[in-house]
Amino acid sequence: MPFPQTRLRRLRATGALRGLVRETSLSASDLVYPMFVAHGIDRREPIEAMPGVDRLSIAHAVDEAGEAKALGIPAVLLFGLPAAKDEEGSGAWDDEGIVQLATRAIKDAHPDLVVITDLCLCEYTSHGHCGIVRAGADGLTVDNDATLELLARTAASQARAGADIVAPSDMMDGRVGTIRHALDDDGHTDTPILAYSAKFASAFYGPFREAADSAPASGDRRGYQMDPGNGDEAVRETRLDVEEGADIVMVKPALPYLDLIRRVKDETRMPLAAYNVSGEYAMVKAAATAGYLDERATVLEALTCIRRAGADIVITYHAKEAARWLQ
Ligand SMILES: [Zn+2]
């Protein structure tokens, strides 16, 4: 029935009508709040490119996790800044490492809050790459298979510390299967894996590298993270992670990759997380500070659209603010 019988504006007339026919919901229970926990600090250290996000001591991280929980956010994602770095990134699998200590402290204080641990080596390696670096034909390269063993150790250590979910973000081939075996061998058969399945080599990670002090000292990550032009490959990467035992898959970043959130969801039907990354956060903050955008409206629209694209879970630095606005 064409115009004038069909008038789509009829259902847009009032807020109540719009609410009744809204297809996508956004609530605090969809959100994950990422936090940076640093060894050896006793105060909050602001991160310049991410206003409102700080590097935290363990005590502050416990407070902040409690704040997130009180706002209805079910989970936090922990990144660690260790006391010292080395070639292998041994701080990552130290049972007394920063993420392990923070996980224990947060789980002690807030047992119902889901603690997800980022599982990678780049915050712990002196060179800033996500694995063991070797000299290759074309400069430095990350040794895939040698790195798997270190990721496996890290996963087991994080699970022993009480992590509810481990989240490998390294993009090594075969790591999900290796981590699954390591967790099972260590008795953590019920610890789920949230795999950063389609993680792109993105310029939008810039502010995070300042936050986590994890910029590669030389070279870049294009030898292991995905090329931004590739969509079919994102589906292949995700399928492989599912076959290897991933429980939740991820597309990262979110906003420039909404098409892939939808494709991966449609083609795998897996629980899907999308990471609204530091650069996406920083852009909105900068524009809002300059008065160019209404921050609240922009954030709630962006997060709703990430959900509409197919994400069940949205990881965002705006989680606490969004949860407050949604109350
Ligand atoms: Zn990494």
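The structure we're discussing is the one just above.
Because the structure is a prediction, the values reported are computed rather than measured.

Novice: Provide a residue-level description of helix 9 (residues 278-289), including the pertinent values.
Specialist: For helix 9, with 12 residues, the first-to-last C-alpha span of 16 Å sits near the 16 Å given by 1.5 Å per residue. Of all 12 residues that make up helix 9, 9 are buried, and the element is covered over most of its length. Taken together, the buried positions of helix 9 are occupied by S278, G279, E280, Y281, A282, V284, K285, A287 and A288.

Novice: How would you sum up the side chain of E123? Please name residues and give values.
Specialist: Its place among the elements puts E123 in the loop between strand 5 (114-119) and strand 6 (133-136). Beyond its immediate chain neighbours, meaning those up to four positions away, E123 contacts F79, G80, P82, K85, D118, F208, A212 and S214.

Novice: I'd like to hear about the packing of helix 4 (residues 144-161) against helix 5 (residues 175-185), residue by residue, with values.
Specialist: It is the contact of helix 4 with helix 5, at a shortest axis distance of 8 Å, that shows an interaxial angle of 45°. Regarding the angle of helix 4 to helix 5, the classification is oblique. For the pair helix 4 and helix 5, the crossing hand works out as right-handed. Across the interface between the two elements, L148, L151, A152, A155, A156 and A159 of helix 4 pack against R175, T178, I179, A182 and L183 of helix 5.

Novice: How would you summarise the environment of S218 if you had to cite specific residues and measurements?
Specialist: Take S218: it is sitting in the loop between helix 6 (206-212) and helix 7 (232-244). Taking the C-alpha atoms as reference points, S218 and F3, 215 residues apart in sequence, are found 61 Å from one another. Non-local contacts of S218, meaning those with residues more than four positions away in its chain, are made with H129 and L140.

Novice: If you had to explain the layout of surface pockets to someone new, which residues and values would you point to?
Specialist: Looking at the largest pocket, its volume works out to about 350 Å³. Around the largest pocket, the lining comprises 19 residues; the ones closest to its centre are T141, V142, R222, G223 and Y224. Of all the secondary-structure elements, those providing two or more residues to the lining of the largest pocket are strand 7 (139-142) and helix 7. Among the elements that make up the lining of the largest pocket, the one with the highest residue count is strand 7 (3 residues).

Novice: Outline the coordination of the zinc ion, listing residues and values.
Specialist: Those protein atoms acting as donors to the zinc ion are C120 (SG), C122 (SG) and C130 (SG), and they sit at 2.2 to 2.3 Å. Mapping the donors of the zinc ion onto the primary sequence yields the spacing C-x1-C-x7-C. Residue C120 shares its accessibility class with C122, and that shared class is buried.

Novice: Describe the packing of aromatic side chains, and please don't skip the residues or the numbers.
Specialist: Each pair of aromatic rings is reported with the distance of its centres and the angle of its planes. Counted according to the given criterion, the structure contains 8 aromatic pairs. Plain terms: the ring middles of F200 and Y257 are 4.4 Å apart, the flat faces sit at 25° to each other, and that makes the pair stacked. Here F200 is found in the loop between strand 9 (194-199) and helix 6, whereas its partner Y257 is found in the loop between strand 10 (248-252) and helix 8 (258-268), with 57 residues between them in sequence. For the pair F200 and Y257, a shared accessibility class is recorded, and that class is buried. Taking the centre distance of 6.0 Å and the plane angle of 45° together, the rings of Y275 and Y317 count as tilted. On the criterion of sequence distance, the pair formed by Y275 in strand 11 (residues 272-276) and Y317 in the loop between strand 12 (313-316) and helix 11 (319-326) is long-range, its members being 42 residues apart. The two residues Y275 and Y317 agree in class, both being buried. Here the aromatic cluster, defined as three or more aromatic residues joined through ring pairs, consists of F36, F79, Y196, F208, Y275, Y281 and Y317. The ring of W93 is capped by R153, whose NZ or CZ atom sits 4.9 Å from the centre of that ring.

Novice: Now, about empty space enclosed by the protein: what can you tell me, with residues and values included?
Specialist: If you roll a probe as big as a water molecule over the atoms, it shows you where there is empty space left. Counted by the stated rule, this structure contains 3 cavities of 30 Å³ or more. Considering the residues around the largest cavity, the lining is formed by 15 residues, among which C122, K199, F208, R221 and K252 are closest to the centre. Among the elements of the structure, strand 9 and helix 6 are those that each provide at least two residues to the lining of the largest cavity. In this structure, the second largest cavity occupies an estimated 50 Å³ of space. Around the second largest cavity sit L255, N276, E280, V284, T298, V299, A302, L303 and H318, which together line it. Counting only elements with at least two residues in the lining of the second largest cavity, the list comes to helix 9 and helix 10 (295-309). A breakdown of the residues in the lining of the second largest cavity according to their chemical character gives 5 nonpolar, 3 polar and 1 charged.

Rules of the game
Residues numbered from 1 in each chain as written. Predicted model: local features only at pLDDT ≥ 70, side-chain atom pairs only at ≥ 80, totals over all residues. Heavy atoms only, no water. Helix = DSSP H or I, 4+ residues; strand = E, 2+ residues; numbered from the N terminus. Expected span 1.5 Å × (residues − 1). Buried < 20%, exposed > 50% of the residue type's maximum accessible area, 1.4 Å probe, protein only. Contact = heavy atoms within 4.5 Å. Axes fitted to C-alpha atoms, helices over the stretch in contact; angles between N-to-C directions. Parallel < 35°, antiparallel > 145°, perpendicular 65-115°, else oblique. Left-handed = near helix turned anticlockwise from the far one by under 90°. 1 Å grid on protein atoms, 1.4 Å probe; cavity = no way out; pocket = protein on both sides within 12 Å on 5 of 7 lines; lining within 4 Å. Points joined across faces, edges and corners; volume = space filled by probe spheres on them. Donors = N, O, S within 2.8 Å, 3.2 Å for Na, K, Ca; no water. Phe/Tyr/Trp six-rings, centres within 6.5 Å; stacked < 30°, edge-to-face > 60°. Lys NZ or Arg CZ within 6 Å of the ring centre and 35° of its normal. Nonpolar A, V, L, I, M, F, W, Y, C, P; charged D, E, K, R; others polar.

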